[in-house]
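What the coordinates show
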Amino acid sequence: MRRPALLAGASVVALTAIGMLLWQPAQAQSPPTTSSSTTAAAPASSSTSSTLPPAGEGIGYPDDYAAIGQQYFDTGCVSCHGQGGVGTADGPSLIGVGAAAADFMLQTGRMPLADPQGQSPSKPPAYSPQEIQALVAYVASLGEGTPIPRVDVDAADLVEGGELFRANCAACHGAAAVGGALSHGSYAPSLHSVGEVQIAEAVRVGPGQMPVFDEDTFTDEQLNSIVAYVTYLQDPADPGGFSLGRIGPVAEGYLIWVLGISVVLVFVRWITRRRTHD
Ligand code: HEC
Ligand code: HEC
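Residues numbered from 1 in each chain as written. Chains lettered and ligands numbered in written order. Predicted model: local features only at pLDDT ≥ 70, side-chain atom pairs only at ≥ 80, totals over all residues.

Thoughts on the overall build of the protein
- Scanning the protein for helices and strands turns up 12 helices and 2 strands.
- Starting at the N terminus and walking to the C terminus, you meet the elements of the protein as α-α-α-α-α-α-α-α-α-β-β-α-α-α.
- Each of the 278 residues in the protein was classed as buried or not, and the buried ones make up 27%.
- Taking the contacts inside the protein whose residues are at least 6 apart along the sequence as the reference set, 73% of them involve residues at least 24 apart. (Helix = DSSP H or I, 4+ residues; strand = E, 2+ residues; numbered from the N terminus. Buried ≥ 20, exposed ≤ 12 C-beta atoms within 10 Å, placed from the backbone. Contact = placed C-beta atoms within 7 Å.)

Below you can see the structure in the form of structure tokens.
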């Protein structure tokens, strides 16, 4: 009578111990994740672009910004995009591409392009935040185009964002946004180190092979939700405890099962040995 009761008690204690080992409070998890270089890069790049003056319809940059930007343009961009951004054989016309395209290309370091052949990869920006602001003002002054989207992830719906991402983005970027190959040697890049505003800009502008998703396709609210979901994929929470390297739920469950049962068995053996020696 006593032994089964003791065994049951011991198993409960052992399972609780395993549970406590595997459970970690949310705060204990945050230091290692925020110190990782990829997630640290995202808020940094989005905070620089949020210092830009709010861009709306008709653009309200001070005139001197565009004038300063033209000086940078005439040294760094004119060889490919031509005087006044009319375009050359080496680069498209920038008239009417708007602030969003210019900010996206400069914040993700795609411009200035080193090699006009092939896809321009994302790199650390070549210009300071102020220089980017001036260049963006100049390109925006060339003709009315898509303004920099205002991103408000606090108003976002993560579930809707997930649905929209899987339906519209996952085919190219992968369900976990790790990127993937496309036809003709091009690729959809990983989205794990791109800032919030740049995600929204990419959606509205459609760089390279990526389609344009305008206001008729996604409302601003839906865009917020997509941005929130991509940001979530960059640093998913692990409410169940350790992520175990995200090897997958079946493998992780199996590991916990085998580990847990082994610990319980060893514990049970240990108790019964003590009892017989008494
Ligand atoms: C070596 C040539 C080259 C230089 C230098 C260059 N660009 Fe480009 N740029 C390109 C090419 C080619 C494309 C189109 C390919 C692409 O979108 O990746 C492009 C695309 C762009 C676009 C997107 C246009 C669109 O239709 O959406 C913007 C904006 C832009 N460049 C701005 C700049 C700015 C600003 C500079 C200077 C800081 C610059 N570029 C320097 C070649 C160049
Ligand atoms: C047809 C394939 C395709 C689809 C669908 C697509 N993308 Fe892209 N995306 C690309 C390609 C290709 C690039 C790289 C463009 C370049 O640099 O020339 C890109 C670039 C991006 C970037 C810039 C990443 C960086 O490193 O700077 C973001 C952000 C992005 N996409 C988000 C999205 C989101 C969000 C969706 C869904 C709403 C989406 N994409 C749908 C192909 C796609």
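Now that the structure has been shown, the text picks up again.
So, the site of ligand 1
- Close contacts around ligand 1 come from 24 residues, with C77, C80, G91, M111 and P112 the closest.
- If you tally residues by element for the shell around ligand 1, the top one is helix α6 (residues 98-107), at 4 residues.
- Considered class by class, the residues forming the shell around ligand 1 number 17 nonpolar, 6 polar and 1 charged. (Near = placed C-beta within 6 Å. Nonpolar A, V, L, I, M, F, W, Y, C, P; charged D, E, K, R; others polar.)

Section: the nonpolar core
- In terms of nonpolar packing, the biggest core is built from 44 residues, with A102, L135, V136, V139 and V227 touching the most fellow members.
- Mapped onto this core, the elements with two or more residues apiece are α4 (63-76), α6, α7 (129-141), α8 (158-168), α10 (196-205) and α11 (220-234).
- In terms of residues, this core owes the most to one element, α7, which gives 8 residues.
- Discounting residues that sit within four places of it in the chain, V136 has contacts with A99, A102, D103 and L106. (Core = buried A, V, L, I, M, F, W, Y, C linked by C-beta atoms within 7 Å.)

What to know about the site of ligand 2
- Within the structure, ligand 2 sits among 28 residues, and C169, C172, A202, G208 and M210 are positioned closest to it.
- If you list the elements that add at least two residues to the shell around ligand 2, you get α9 (170-173), α10 and α11.
- Ranked by residues supplied to the shell around ligand 2, first place goes to α10 with 4 residues.

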